[in-house]
Each structure stands twice: as structure tokens, then as C-alpha cells.
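Secondary and tertiary structure notes
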Amino acid sequence: MLLREDIEKREESLAPGAARSAKSIGRRVPEEPCEFRTDFQRDRDRIIHSKSFRRLMHKTQVFLSPEGDHYRTRLTHTLEVSQVSRTICRALNLNEDLTEAIALGHDLGHTPFGHSGEAILNEIHPGGFRHNEQSLRVVEVLEDSSDRKGMNLTYEVRDGILNHSGTGFPRTLEGEIVRLADRIAYINHDIDDALRSGVIELCDLPKDPIALFGARHSQRINSMVKNVVETSDGKDFVRMDEEHWAMLLELREYMFKNVYMNEKVKKEKDVQMLDKVIRCLYGYYVDNPDKLPSDEQKQLERDDVNTVVKDYIAGMTDRYALTTYQALNV
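Notes on the structure in this doc start here. Each chain has its residues counted from 1, following the order in which its sequence is written. pLDDT decides what is reported in this predicted model: residues at 70 or higher carry local features, side-chain atom pairs at 80 or more are listed and counted, and totals for whole chains, interfaces and linings draw on all residues regardless. To get the side-chain values, all heavy atoms of the structure are used, and hydrogens and water are removed first.

1. A short note on the environment of glutamine 134
A helix here means a DSSP run of H or I that spans at least four residues, while a strand means a run of E at least two residues long, and both kinds are numbered starting from the N terminus. Note on placement: glutamine 134 falls in helix H7 (residues 131-142). Spatially, the C-alpha atom of glutamine 134 lies 8.4 Å from that of leucine 162, the residues being 28 residues apart in sequence. Among all residues touching glutamine 134, those that are not within four sequence positions of it are Gly109, Phe129, Leu142, Lys310, Asp311 and Ala314. Within the structure, glutamine 134 has its side chain in polar contact with the side chain of lysine 310 (distance 2.9 Å). Pairs of residues are marked as contacts when any of their non-hydrogen atoms sit within 4.5 Å. Polar contacts here mean pairs of N or O atoms no more than 3.5 Å apart (in protein, one a potential hydrogen donor and the other a potential acceptor; neighbouring residues in sequence count only if both atoms are side-chain atoms).

2. As for the pattern of salt bridges
Salt bridges are identified by distance alone: a Lys or Arg side-chain nitrogen within 4 Å of an Asp or Glu carboxyl oxygen. A full pass over the atoms with the stated rule returns 31 salt bridges. Residue glutamate 5 pairs with arginine 4 through a salt bridge whose shortest N-O separation is 3.6 Å. Throughout this description, buried means an accessible area under 20% of the type-specific maximum (1.4 Å probe, protein chains only), exposed means over 50%, and partly exposed covers the range between. Exposure remark for arginine 4: the relative accessible area of 13% places this residue in the buried category. For arginine 44, the salt bridge identified is with glutamate 100, shortest N-O distance 3.3 Å. Pair noted here: arginine 44 is in helix H2 (residues 39-48) and glutamate 100 is in helix H5 (residues 96-105), with a separation of 56 residues, a long-range link. The residues arginine 44 and glutamate 100 share a single accessibility class, namely buried. Each of the salt bridges in this network shares a partner with another, and the network as a whole consists of Arg37, Arg44, Asp45, Arg86, Arg90, Glu96, Asp97 and Glu100.

3. Focus: the packing of aromatic side chains
Only the six-membered ring of Trp is used, alongside the rings of Phe and Tyr, when aromatic pairs are assigned; centres must lie within 6.5 Å, and planes under 30 degrees apart are stacked while those over 60 apart are edge-to-face, with the rest tilted. Taken as a whole, this structure holds four aromatic pairs when the rule is applied. Ring plane angle 85° and centroid distance 5.4 Å describe the contact between tyrosine 285 and tyrosine 312, whose orientation is recorded as edge-to-face. In this pair, tyrosine 285 sits in helix H13 (residues 268-287) while tyrosine 312 sits in helix H15 (residues 305-314), placing the two residues 27 residues apart along the sequence. The exposure class of tyrosine 285 is buried, given its relative accessible area of 5%. Among the aromatic residues, those joined into a cluster by ring pairs are Tyr284, Tyr285, Tyr312 and Tyr320.

4. Some details on the side chain of serine 82
In this fold, serine 82 is placed in helix H4 (residues 74-91). Looking at serine 82, the relative accessible area reads 6%, which means it is buried. With sequence-adjacent residues up to four places away left out, serine 82 is seen in contact with Glu100, Ala103 and Leu104.

Laid out in C-alpha cells, this is it:
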């Protein structure tokens, strides 16, 4: 039988810079330890079993209303980030459980309709909206239960979730891995989806990055991951070397110019519709907080109406936002 103490002892053989569950800064509310799982394993399990994690299945990654079943969603993006993160983490002999927990929770606060939805909510909500901050709010506050406030995750997981994007930087090497793996994953799977949809052709991609990373999806990811591992091995940081990072940024710039804003990806009528949907929902519930569902009604006892409405809309799936809007008939 392998008990938690046995796993914690195994973690002593991890690389010097690795986070160790037995030395975690801990949870906001102390809990009795699990007999079989470390604290980082428990955090991962809590995220997977949460409602916000399940909703990722029906949230847009890039393509709005895609005609086909093979395009990425926010959930499949999350799983690919987790896979890339674990590969890098294992090769560097860091804490795989911590990396996986951060990766699985990093996008829990994303809005419906992908970054388009985030941009609209950022524009209309006082104080703006950033999905990394909302992801932290989900695990700290919104995923409530009968016996604790939020998920009560460890400090290290919460830090990694908050700092997977934005101006902050993770305090653990495992968090740094997720921050980089997020970029590796989305650039490559978005290229894959864009090629499948016909928005771009392989010959359209910038030549220098493709020459360096490879033409096929698996080649590009393998090349990027290999460079991260080789550059970071034995170091107190996780990164690519300057050449590979510059080529990654060139691919990212190309995607923003030619895919993310492409009319074939975000048809004008779809963009106008989702803009109308989010603005209408936000305005309606701010003006009529008594029409919010019962759970959000309870939240009004704790937070102002704008915050409650923002939380409600950010938690919606694409289809729930559309059906709710249609039901309002406004």
C-alpha cells in the first residue's frame, strides 16, 4: 500500500528546485491530510470534479460556431496544456502533481465565446476583466461547498493559476512550466485547427519558424518541448533559448494577424451577435438583480451587483449564454 507519506518521501528525490507537497505554504483553511493523496493531488482532483471544469467543454477556444467536431474547445485546450506541462515537468524531475493541478485549473475563469467574450466583458465591467484573475476567483470563492469556502486549494496551485498569464510571474518552477506550456499548446493547436478549416495553408506559415520547429503538429510541439527541457535542465528557471523563443513569438504574431481576427474564424455576424448577447445579459441583470438564479441571489449578500453579474456571465457556456439571452426576449 502506498500512503501519502510514502509519496512525500518519493518527492525528496525530485530536482532541488522542485516544489514538495509536504513543504507547501498550505491552504487558507487548514485541513486534515488525506491518507493516500498529497495536497497537490487533492487540488488536482477538486479541480477535475468541479462544475467550472465541466463547463469548459462547451466554451469556445478560437472558432465560433465551428462546422465540425474536431475543433478545440476550452476543455481540450486545457487537457493539451496539461499534457505538454507534464512532459516538460517529468523530464526536468519537478513536481508533476503540482504542474497538472495548475494546468487543469488555469482557464476555469474563461468567458463564453473565447477571448472575444473576455474582451467585451473587460470593456463593460467596472474595473475590467482578466480571465486569469477570474480563474483564481473561481477556485477561491465561486466553487463553494457545504464544508469550505471555494476549493481551498494550496498556495502554490493558486499562485500558478493566477500567474499563468498577465504581468505576474509564478513563484514555482511548476507554475513557470504551465505558463510556457499554455503558449506552446495554443499556438500549435490553433495552427492545426486553422489548417483543418482552410483558413490558412501550410505554405502560408512563416518560413523560419517552420524550418526550425517542423511542418507537422507533433514535430513542432516536440521541438519546442525539447528546447525547453534542454535550456532549463538544472536551472532555476523554465524557458526556451532566445532563438526558439523568437521563432515562437513570430508564429504567435502571424496567428494574431492572419487567424484570430480572420473573418472566416470570427464571422462578422457571429461577432456582432455575441457582442449583443453579452452586453444585453450584463445590462439586464445589473438592472434586474432579482431575476438572477438563486445561487447568484445569495451571492448578492456578499458582493455588489456588478461583480455578481460578471461572475454569472463569465461562468456561462456558449450555448447557455445564447439560450439565456433568447429566453429574456429583450
